[in-house]
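Descriptive analysis of the structure
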Amino acid sequence: MSHKSAKDFFRPLAVGAPAPLREIPARPSRAIHFFDPSNEKMAAKIPDMVGTVDVLLGNLEDAVKADNKVAAREGLVRIAQATDFGPTQLWTRINSLDSPWVLDDLTTLVPAIGEKLDVIMVPKVQEPADIHYVDRILAQLEAKAGITKPILIHAILETARGVANVEEICGASPRMQGLSLGPADLAADRKMKTTRVGGGHPGYLVREDAPRGEDGLPDLDAKRAIFQQDLWHYTIAKMVDACATHGIYPYYGPFGDIKDTVACEDQFRNAFLLGCVGTWSLHPVQIKIANRVFSPSVEDIAHARRVVAAMGDGTGAVMIDGKMEDDASLKQCLVLVELAEKLAE
Ligand code: GLV
Ligand code: MG
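Identification of the protein as CoA ester lyase from Nocardioides caeni is taken from an unreviewed UniProt entry. UniProt lists a comment for the protein under the heading Cofactor (unreviewed entry), and it reads "Mg(2+)".

**A closer look at the overall build of the protein**
Regarding its fold elements, the protein presents 13 helices and 12 strands. With the C-alpha coordinates aligned to their principal axes, the bounding extent of the protein is approximately 85 × 55 × 40 Å. The buried share among the 345 residues of the protein stands at 37%. Within the protein, counting contacts between residues at least 6 apart in sequence, those at least 24 apart form 73% of the total.

**With respect to the nonpolar core**
One finds V122, A155 and L157 to be the most contacted residues of the largest nonpolar core, which totals 70 residues. Residue contributions to this core peak at five residues, all from strand β5 (residues 152-157). Not counting residues within four places of it along the chain, the set of residues in contact with V122 comprises I94, D130, V134, I153, A155 and I156. Counting five residues, the second largest nonpolar core, distinct from the first, contains A304, V307, L330 and C333.

**Here's the deal with the site of ligand 1**
Taken together, D62, P123, I156, E158, G182, P183, A184, D185, V197, G253 and P254 are the residues near ligand 1. Here the residues of the shell around ligand 1 are counted per class, giving six nonpolar, two polar and three charged.

**Brief notes about the UniProt feature "domain: HpcH/HpaI aldolase/citrate lyase" (unreviewed entry) in the protein**
Using the residue numbers shown here, the UniProt feature "domain: HpcH/HpaI aldolase/citrate lyase" (unreviewed entry) corresponds to residues 33-196. Across residues 33-196, helical content stands at 43% and strand content at 18%; the span's end C-alpha atoms are separated by 19 Å.

**Observations regarding the confidence of the model for the protein**
On average, the protein scores 92 in pLDDT, and the residues at 70 or more come to 92%. Every residue in residues 1-23 is under pLDDT 50, and counting partners more than four places away or in other chains gives 26 contacts. Interface predicted TM-score (ipTM) for the complex: 0.99; the corresponding pTM is 0.92.

**Focus on the UniProt feature "binding site: Mg(2+)" (unreviewed entry) in the protein**
Here, the residues flagged by UniProt with the feature "binding site: Mg(2+)" (unreviewed entry) are E158 and D185. These annotated residues cover 28 residues of sequence, and their C-alpha atoms all fall within 5.3 Å of one another, placing them together at a single site. Take E158: it is sitting in the loop between β5 and α6 (160-164). Given 26 C-beta atoms within 10 Å, E158 falls into the buried group. Setting aside anything within four residues of it in sequence, one finds E158 in contact with P123, K124, G182, D185, L186 and D189. With respect to the helices, strands and loops of the structure, D185 is situated in helix α8 (residues 183-190).

**Notes on the environment of D185**
The class for D185 is partly exposed, based on 19 C-beta atoms found within 10 Å. The spatial distance from the C-alpha of D185 to the C-alpha of V197 is 8.5 Å, given a sequence separation of 12 residues. Setting aside its immediate chain neighbours within four residues, D185 contacts K124, E158 and T159.

The rules we used
- Within every chain, residues take consecutive numbers counted from 1 along the sequence as written.
- Here chains are named by letter from A upward and ligands by number from 1 upward, in the order in which they appear as written.
- It should be noted that, the model being predicted, local features are given only for residues of pLDDT at least 70 and side-chain atom pairs only at 80 or more, the latter also being counted only at that level, while totals for whole chains, interfaces and linings use all residues.
- UniProt positions are given in the numbering used here, feature names are shortened, and annotations may be inferred rather than shown by experiment.
- We count a stretch as a helix when DSSP gives it H or I for four or more residues in a row; a strand needs E for two or more, and each element gets its number in order from the N terminus.
- Neighbour counting defines burial: a residue surrounded by 20 or more other C-beta atoms within 10 Å of its own C-beta is buried, one with 12 or fewer is exposed, and intermediate counts give partly exposed, using backbone-placed C-beta atoms.
- In this description, any two residues whose backbone-derived C-beta atoms lie within 7 Å of each other are considered to be in contact.
- By definition, a nonpolar core groups buried Ala, Val, Leu, Ile, Met, Phe, Trp, Tyr and Cys residues that connect through C-beta atoms lying within 7 Å of each other.
- What makes a residue near a molecule or strand is its C-beta atom, placed from the backbone, lying within 6 Å of it.
- Here the term charged refers only to Asp, Glu, Lys and Arg, the term nonpolar to Ala, Val, Leu, Ile, Met, Phe, Trp, Tyr, Cys and Pro, and the term polar to all other amino acids, Gly among them.
- Along the chain, pLDDT gives the predictor's confidence residue by residue, from 0 to 100.

Structure follows, in structure tokens:
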């Protein structure tokens, strides 16, 4: 067997160079299901989950106790080596770059299970230099281990500085696969006044104008409609634009109120409609919700196919059910049709 030298594996990525627009492997990743590899009960269920979820992610960062960091890392190696993941992708979330564990995470995982790891999720990314750092270490470790399929990088957007630098982060390396919203850490970093993991807040609302009384003043006792607002709209929209600009994928993140499956579905659907391709799952019940929400509905696909068929060569305009459709609505319909086809593969 011929042995490749390290230089065969190093790619000449100039630090700070924008990633070229490219097609990264578009495998479905509607639900990224988190598990704690140091939790033996949870870990024992992983082999049976293969094929039921697009992505299984061994979490090493927050939610794993400091005393369990080594056990989680070793547990992930054991599970990955013993499991055939078939169509399911294997991701991990490493510890943050300012933690004492991250270097050991990378130097342990890449040689041991680098061939099986599709994506490494990097938390608390603040700037492109964070991605360059991980990119370079991965390149070195892959070269040493003879791994020829580059491990991709996914960044969590969960600091105000990260949000400010989101475009440069997306373009920081050809390894960039996507971004997730990290609403819990982001809320803390921004000094928002929430105490939850994702989702809305009943206090963040707009209220219908008060009717005026005979004195011309607002009647504060009148019943008025209240609309709860989406705390995450601005960040998701900004993230989606940055990802689309660089040809990578945006994701919602965690929804911590596991029992509120209705609000979870609403939050996931908003993210899907705004352009996200998937989300995190913190409990198997959220896998089902994500798979449903991040797949276009039968009705939407049927309508999209009708528009595509009616638009012929793709130019001009047609009327369908009283609505004008043209080149731009055709492009929207093609997004749905192509997604449906990808999911059916
Ligand atoms: C996820 O890591 C978050 O902080 O929301
Ligand atoms: Mg976080």
